[in-house]
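Chain by chain, the residues run as shown.
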Amino acid sequence: MSLHDDAVVVLKGYGDQYELRQAYLDHLSAHPDAMWKSCSAGHLTASALVIDPERQRVLLTLHKKLGMWLQMGGHCEPGDATLARAALREATEESGIDGLTLLRSGEPVRLDRHPIPAPCNWHLDVQFAALAPPGSAVRISEESLDLRWYAYDEVADVADESVIRLLERTRAAL
């Protein structure tokens, strides 16, 4: 099964956010390259909100290009077999934490469509949540200016609405 096919299966099984889910499915149907950064009409991305082992804090990255505190995530790569694996790969690369485990049996927590600077134009982000193992240490990647753990009630002070909604949905899933 291709990554494109996996995305269709995952989205068809995703029972929430009906209109946005349908927009993702329509986009996948209209654009055979919808999984890749080269799709100028917008493309699917995969991200994961990393939760600490005590389930009291989230790890956010200060994104180098955007200058915003965000969850870990990014573009799918040819070696990614599934959206869940893409999200886990991105979260591991950007956090430096080995042994992350996706919550909800690897099912998405929510969807978020947002404009970004050209040439990408749109990200259709499939958002997951991941639990960090006990004793994990973070390591800043080349894509980040900083990494920081935030208590749940601190996130609204530093992050945008997309991250806040992802945190709310993640907490409900815990």
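Structure: above.
On a predicted model such as this, the values are computed, not experimentally measured, just so you know. (Residues numbered from 1 in each chain as written. Predicted model: local features only at pLDDT ≥ 70, side-chain atom pairs only at ≥ 80, totals over all residues. Heavy atoms only, no water.)

Participant: An account of the side chain of histidine 43 is requested, with residue identities and associated values reported.
Facilitator: Relative to the helices and strands, histidine 43 is located in strand β1 (residues 43-51). Given the relative accessible area of 0%, histidine 43 is considered buried. Setting aside anything within four residues of it in sequence, one finds histidine 43 in contact with His27, Ala34, Met35, Trp36, Lys37, His75, Cys120, Trp122, His123 and Leu124. (Helix = DSSP H or I, 4+ residues; strand = E, 2+ residues; numbered from the N terminus. Buried < 20%, exposed > 50% of the residue type's maximum accessible area, 1.4 Å probe, protein only. Contact = heavy atoms within 4.5 Å.)

Participant: Run through the layout of surface pockets, naming residues and quoting values.
Facilitator: Summary: where empty space remains is shown by rolling a probe the size of a single water molecule over the atoms. Volume-wise, the largest pocket comes out at about 810 Å³. Taken together, 31 residues make up the lining of the largest pocket; nearest its centre are His63, Leu66, His75, Ile116 and His123. Secondary structure elements with two or more residues in the lining of the largest pocket: β1, β2 (57-63), β4 (72-75), α3 (83-95), β6 (110-115) and β7 (122-131). (1 Å grid on protein atoms, 1.4 Å probe; cavity = no way out; pocket = protein on both sides within 12 Å on 5 of 7 lines; lining within 4 Å. Points joined across faces, edges and corners; volume = space filled by probe spheres on them.)

Participant: So, the packing of aromatic side chains: which residues are in play, and what are the values?
Facilitator: Each aromatic ring pair is characterised by the separation of its centres together with the angle its planes make. This model, assessed by the stated rule, comprises one aromatic pair. In this structure, arginine 113 packs its charged tip against the face of tryptophan 122, placed 3.7 Å from the ring centre. (Phe/Tyr/Trp six-rings, centres within 6.5 Å; stacked < 30°, edge-to-face > 60°. Lys NZ or Arg CZ within 6 Å of the ring centre and 35° of its normal.)

Participant: A description of the nonpolar core should follow, citing residues and the corresponding values.
Facilitator: By size, the foremost hydrophobic cluster in this structure holds 32 residues, and its most contacted members are Leu28, Met35, Leu44, Val50, Leu83 and Phe128. Secondary-structure elements contributing two or more residues to this core are α1 (3-13), α2 (18-30), β1, α3 and β7. Beyond its immediate stretch of four places on either side in the chain, valine 50 contacts Arg57, Val58, Leu59, Met72, Ala91, Ile97, Leu100, Ala130, Ala132 and Trp149. Of all hydrophobic cores here, the second largest spans 19 residues; its members include Leu49, Ala129, Tyr152 and Ala159. (Core = buried A, V, L, I, M, F, W, Y, C linked by side-chain atoms within 4.5 Å.)

Participant: Requested: an account of the state of the cysteines, with residues and values cited.
Facilitator: The full count for this structure, using the stated rule, is zero disulfides. We note that cysteine 76 lacks a disulfide partner, and the nearest cysteine sulfur, in cysteine 39, lies 12 Å from it. (Disulfide = S-S within 2.5 Å.)

Participant: Give a description of helix α5 (residues 161-173) that names residues and reports values.
Facilitator: With 13 residues, α5 should reach 18 Å at 1.5 Å per residue; the first-to-last C-alpha distance of 18 Å fits that figure. Along α5, the residues classified as buried are Ser162, Val163, Ile164, Leu166, Leu167 and Thr170. Buried residues in α5 make contact with β1, β2, β3 (69-70), β6, β7 and α4 (155-158). Sitting at the amino-terminal end of α5 is aspartate 160, which places a side-chain oxygen 3.2 Å from the backbone nitrogen of serine 162. (Expected span 1.5 Å × (residues − 1). Polar contact = N/O pair within 3.5 Å; in protein donor to acceptor, adjacent residues only side chain to side chain.)

Participant: Give me the lowdown on the pattern of salt bridges, citing residues and values where you can.
Facilitator: Evaluation of the coordinates by the stated rule reveals nine salt bridges. Here arginine 89 makes a salt bridge to glutamate 77, at a shortest N to O gap of 3.3 Å. Of this pair, arginine 89 sits in helix α3 while glutamate 77 sits in the loop between β4 and α3, and the two are twelve residues apart along the sequence. Its relative accessible area of 16% is what places arginine 89 among the buried residues. Judged by its relative accessible area of 36%, glutamate 77 falls in the partly exposed class. (Salt bridge = Lys/Arg side-chain N within 4 Å of Asp/Glu carboxyl O.)

Participant: Describe α2, listing the residues and the values that go with them.
Facilitator: With 13 residues, α2 extends 18 Å from end C-alpha to end C-alpha; this agrees with the ideal 18 Å at 1.5 Å per step. In this structure, the buried residues of α2 make contact with α1, β1, β6 and β7.

Participant: Residue-level account of unusual backbone geometry, with values.
Facilitator: Positive phi, close to 60°, is recorded for arginine 55, a residue that is not glycine. Considering the arrangement of structural elements, one finds arginine 55 in the loop between β1 and β2. By relative accessible area, which is 35% here, arginine 55 ends up partly exposed. With a phi close to 55°, serine 105 is a non-glycine residue in the positive phi region. Tracing the sequence through the fold places serine 105 in the loop between β5 (101-102) and β6.

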